[in-house]
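The residues making up each chain are set out below.
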Amino acid sequence: MRVEDGFQLTHFTERNAYLSDPVLPNLLKRVLPSKIANEIEHDLVRFGMEVNTSVRAISERATPPRLTQYNHWGQRVDQLDTSEAWKELKSVFFKEGIPGIFYERKYGEFSRIYGFVKLHMLVGDSHVVGCPISMTDGCARVLELIGTPEMKTTLFPRLISRDPSFAFTSGQWMTERPGGSDVSLTETIAVPTESSGDQMWPAYQLDGFKWFSSATDSNVSVALARTGDIKDGSRSLSLFLVPLRTPLIPQPGEPIPSSISNGIYTHRLKNKIGTHMIPTAELSLKATTAYLLGSLNHGVKNIITVLYITRIHSAISGTGHLRKCLEIAIAYSKVRRISGGEQLLTENAVHVAQLASISLVYRALTHLVFGTILFMGKVEANIASKDDESLLRILTAVVKAFTAEKAVSAMEECMTTLGGMGYMEEVGIGRSIRDGLVEKIWEGTTSVLALDLVRSASDPTTFRAFRNWGTKILDSCPLELRSKVRAPLEVVKAAFQTIDEIYGHPTRMSPLMPRPGLMVMGHAAAAAMLLEHAVWSHNVKTSDRDADTEVFVRWVNEGGLSSSLREVLEIAPGHNGERISMNSTLAYGPKL
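This structure is a prediction, so every number in the text was calculated from the model and none was measured.

Caption draft 1: Summary view of the overall build of the protein. Counting its secondary structure elements, the protein contains 20 helices and 11 strands. Rg of the C-alpha trace for the protein: 25 Å, near the compact-globule value of 25 Å for 592 residues, within the 12% margin. A total of 592 residues make up the protein; the buried ones form 54% of that total. Considering only intrachain contacts with a sequence separation of at least 6, the fraction spanning at least 24 residues in the protein is 75%. On the protein, roughly 25,800 Å² of surface is accessible, and the fraction owed to carbon and sulfur atoms is 54%.

Caption draft 2: View of the packing of helix α2 (residues 34-59) against helix α3 (residues 84-95). As a packed pair, α2 and α3 sit with axes 9 Å apart at the nearest point and diverge in direction by 160°. Taken together, α2 and α3 sit at an angle that is classed as roughly antiparallel. As for the relative orientation of α2 and α3, their crossing is right-handed in sense. Where α2 approaches α3, its residues Phe 47, Val 55, Ile 58 and Ser 59 are matched on the opposing element by Ala 85, Glu 88, Leu 89 and Val 92. Classifying every residue of the contact of α2 with α3 by side-chain character gives 6 nonpolar, 1 polar and 1 charged.

Caption draft 3: Expanded view of the side chain of His 538. Structurally, His 538 is set in helix α17 (residues 514-540). Not counting residues up to four positions away in its chain, the partners in contact with His 538 are Pro 478, Glu 480, Leu 481 and Arg 545.

Caption draft 4: Spotlight on unusual backbone geometry. The omega torsion of the bond from Ile 98 to Pro 99 falls at 15°, within 30 degrees of zero and hence cis. Along the polypeptide, Pro 99 turns up in the loop between α3 and α4 (100-104). Cis peptide bonds are those with omega within 30 degrees of zero, and the linkage from Thr 246 to Pro 247 qualifies with 0°. You can see Pro 247 is positioned in the loop between β7 (237-243) and β8 (264-269). The backbone phi angle of Val 128 is positive, close to 60°, even though this residue is not glycine. On the basis of relative accessible area, Val 128 is assigned to the buried category, the value being 10%. Although it is not a glycine, Glu 443 adopts a positive phi angle of roughly 60°. Examined against the element boundaries, Glu 443 turns out to sit in the loop between α12 (429-437) and α13 (446-456).

Caption draft 5: Structural view of the pattern of salt bridges. A complete count under the given rule lists 34 salt bridges for this structure. Asp 5 is the salt-bridge partner of Arg 2, the closest N and O atoms lying 3.5 Å from each other. For Asp 5, a relative accessible area of 33% translates into the label partly exposed. One salt bridge connects Asp 125 with Arg 56, and the closest N-O pair in it is separated by 2.7 Å. Of the two residues, Asp 125 is situated in the loop between α5 (111-122) and α6 (130-146) and Arg 56 in helix α2; the sequence distance between them amounts to 69 residues. An identical accessibility class is assigned to Asp 125 and Arg 56; each is buried. Residues joined by salt bridges that share partners form a network here, namely Arg 105, Arg 112, Asp 137, Arg 141, Glu 144 and Glu 380.

Caption draft 6: Looking closely at the environment of His 351. Counting through the fold element by element, His 351 comes out in helix α10 (residues 349-380). His 351 gets classed as buried once you look at its relative accessible area, which sits at 9%. It is 64 Å that separates the C-alpha atoms of His 351 and Pro 192, two residues lying 159 residues apart in sequence. Filtering out sequence-adjacent residues up to four positions away, His 351 remains in contact with Ser 333, Leu 345 and Thr 417.

Caption draft 7: Spotlight on the nonpolar core. Core analysis: the biggest nonpolar cluster contains 161 residues, and Phe 466, Trp 469, Tyr 503 and Phe 552 have the highest contact counts within it. No other element matches the 15 residues that helix α11 (residues 386-416) contributes to this core.

Caption draft 8: Region of interest: the side chain of Ser 111. With respect to the secondary-structure elements, Ser 111 resides in helix α5. On the basis of relative accessibility, which here comes to 1%, the residue Ser 111 falls in the buried class. With near-sequence residues (within four places) excluded, Ser 111 lies in contact with Ile 101, Phe 102, Arg 105 and Lys 106.

Caption draft 9: Up close: the pairing of strand β1 (residues 66-70). Note that β1 and strand β2 (residues 76-81) share 4 bridges and pair antiparallel. Of the residues in β2, the one forming a bridge with Thr 68 is Gln 79.

Caption draft 10: Structural detail: the environment of Pro 202. Position of Pro 202 among the secondary structure elements: in the loop between β4 (189-192) and β5 (203-213). The exposure class assigned to Pro 202 is buried, which follows from its relative accessible area of 8%. Considering only alpha carbons, one finds Pro 202 and Ala 290, 88 residues apart in sequence, at a separation of 8.2 Å. Filtering out sequence-adjacent residues up to four positions away, Pro 202 remains in contact with Thr 148, Met 151, Ser 195, Ser 196, Ala 290, Tyr 291 and Leu 292.

Caption draft 11: Focus on the packing of helix α1 (residues 24-31) against α10. It is the contact of α1 with α10, at a shortest axis distance of 12 Å, that shows an interaxial angle of 30°. As the angle between them shows, α1 and α10 are arranged roughly parallel. The chirality of how α1 crosses α10 is right-handed. Contacts between α1 and α10 pair Leu 24, Leu 27, Arg 30 and Val 31 from the former with Thr 366, His 367, Phe 370 and Leu 374 from the latter. Classifying every residue of the contact of α1 with α10 gives 5 nonpolar, 2 polar and 1 charged.

The rules we used
Residues numbered from 1 in each chain as written. Predicted model: local features only at pLDDT ≥ 70, side-chain atom pairs only at ≥ 80, totals over all residues. Heavy atoms only, no water. Helix = DSSP H or I, 4+ residues; strand = E, 2+ residues; numbered from the N terminus. Rg over C-alpha atoms; globule rule 2.2 N^0.38 Å. Buried < 20%, exposed > 50% of the residue type's maximum accessible area, 1.4 Å probe, protein only. Contact = heavy atoms within 4.5 Å. Areas by Shrake-Rupley, 256 points an atom, 1.4 Å probe, with all protein chains shown as cover. Axes fitted to C-alpha atoms, helices over the stretch in contact; angles between N-to-C directions. Parallel < 35°, antiparallel > 145°, perpendicular 65-115°, else oblique. Left-handed = near helix turned anticlockwise from the far one by under 90°. Nonpolar A, V, L, I, M, F, W, Y, C, P; charged D, E, K, R; others polar. Salt bridge = Lys/Arg side-chain N within 4 Å of Asp/Glu carboxyl O. Core = buried A, V, L, I, M, F, W, Y, C linked by side-chain atoms within 4.5 Å. Pairing = 2+ DSSP bridges.

The following block contains the structure:
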C-alpha cells in the first residue's frame, strides 16, 4: 500500500495563542485598569495569531550556531555565525517591544504585565531567544540604576530599542569552573587601567575564564570579576560591563569586529541537551577591557538586580513552553478519533481528565508567575510598599524554582496525550521539553534557590509580609463562596501558618527543610493567587466563575499541597540525623 492510500491522519490546527489561553484574557481583565486592558487587547490578539504563523515560519528555518576559530591562513579569528532565522527572531522581539515595553513604561506598573504576556506567547516558537533578551533586560535595569551618565546616554537606549538595526543585546557571565552558582571562588581578575578613575567609563582589564556564557553573539555582557583578596570570597567581587568587541559602536559601513578585538577568545561552543540555537560558550578573557558598574567590591549586590529579572524570565519560559504543549494536546484531541473511528478524544473521559489535570497545573503556574510580575511592576514604578518589595524578593526565588519543577512534568504529560505522534520531533513538544529543562538549572537550581530563601529569612519582616499577604487573600473570600471552599481554605491557611513557623526561626531549621519548604511555598502561593482570581470571578459574576472556583479547589486537593505540607511537617528540627545518615547510604552505599 502506498502512503497516500488507506487511513489518513488529520492535521490539527492551533488556535490564536492569546484568545485560546485559559488564563490570560480574564487575568488581564482582573489585574489591569479597563482602559489599559482595552487598549492592549487588539495588539495581543494580533500577536497571538502571528505567533502561530509568521513567527513559527521563521522559527522553522533556525539552525544551530557555528564557530570558526582559525581562518585558512592559520590566524585566530573566532568567527561566530548564527542563522539568519535566529537574527530574524531577535528582530521580532525588538519590534514587538521586548524588552522595550518594560522601560517605555507607557502603562506604568502594568508595563511588565503587558510585555511578559507577549513573551509568554512567544516562548514556544522562538528557540529561546528569550534567554539573551532576559539578560538584555537585566543589563538595562542595571544601567538604569547604577550606570554612569554616559552609559545611560550611549548604551541604555540601544538595550531597550525597538529598532533591530540599532538595538543591542547583552550576555551575563557569572559561572566559572571552581564554583558553579557559588561565585565566591571566582578566578577572573580585574586590574585598574590608567582610566579607571574616569567618571563616565571607569576602565579595567579582565583576565580569566568564563565557563558558561550564554548569548555569546551579544554586543555587551555584565560580568563578575575579582577586585580584592580572594580570601574575602564574594565580598571582593565587582560588576563590570564588557564590550564583546571593540570598538563597541563601529562607524557606519565598517565590518563587525571579531570578539578577539577585545581579548575575548571562544574556547568552544557548549554541546547541550537543549537550547541548541543559543551560542553558549567557554570564554578566555585576556586583557579584556571592561567598565566598572557601581561601587568596587559590591558586585554580588549589584548583579542581584539582573538575577531578579532573569529568574522571572525563566519562569515565563516554563509557562510559555507549557502553553504551547497544552494547546497542541488540545488541538490534537479535536481531530484524533479512536474506537474504530467512532469517538473523538474530546469525547473520551479518561483522555479529557488527563488534559484537565495538565490545564490545572498550567493555570496555577501562570497565575503564580503573573501575580509575581505585578509586584515587579510596582517596584519598578516606584510605588511598591516595603511588603511589596519583600514579597518580590521571596516570590522571585519561589516562582523560578517551582515553575521549573512543575512545568516540564506537565509538558511530558502533554506529549503522552498524542501517543507516538507526541514523540515526533516535528510536533514540537520534544523541543519544548528539552529547552524547558534548562530552567531547572539556569539562574540557580531549586536547591540553590531554596537556600537563598533561608538566607532571606534572616530578616523577620520578609516572611511576615508573605504571611500577611496570604492572610489578606484568605480573608477576602466572601461568605457565599467560603461555604463552597471551606475545607481547601483551611488547608491553605495551615500551609501559610507552617511556612511562618519554618522560616520564623531559620537558625533552627533542619538541613533537610529548605527544598521541601520552598515547594510548600510554591503550592501555597499559587493557591492564594488562584483564590484571589476565584474571588474576583465570583464577585463580578463571570461566566467562568464556577470553573475558577473548581481550579482553586482541585489545586489544593489534587495539586500536591497536602502531600508537600505533610513532608514538611515530618521534618522536625534536631531529629533528622538518622535520615541524613541513611540518605548518604542510599546515595553512596554503606560505609566500608
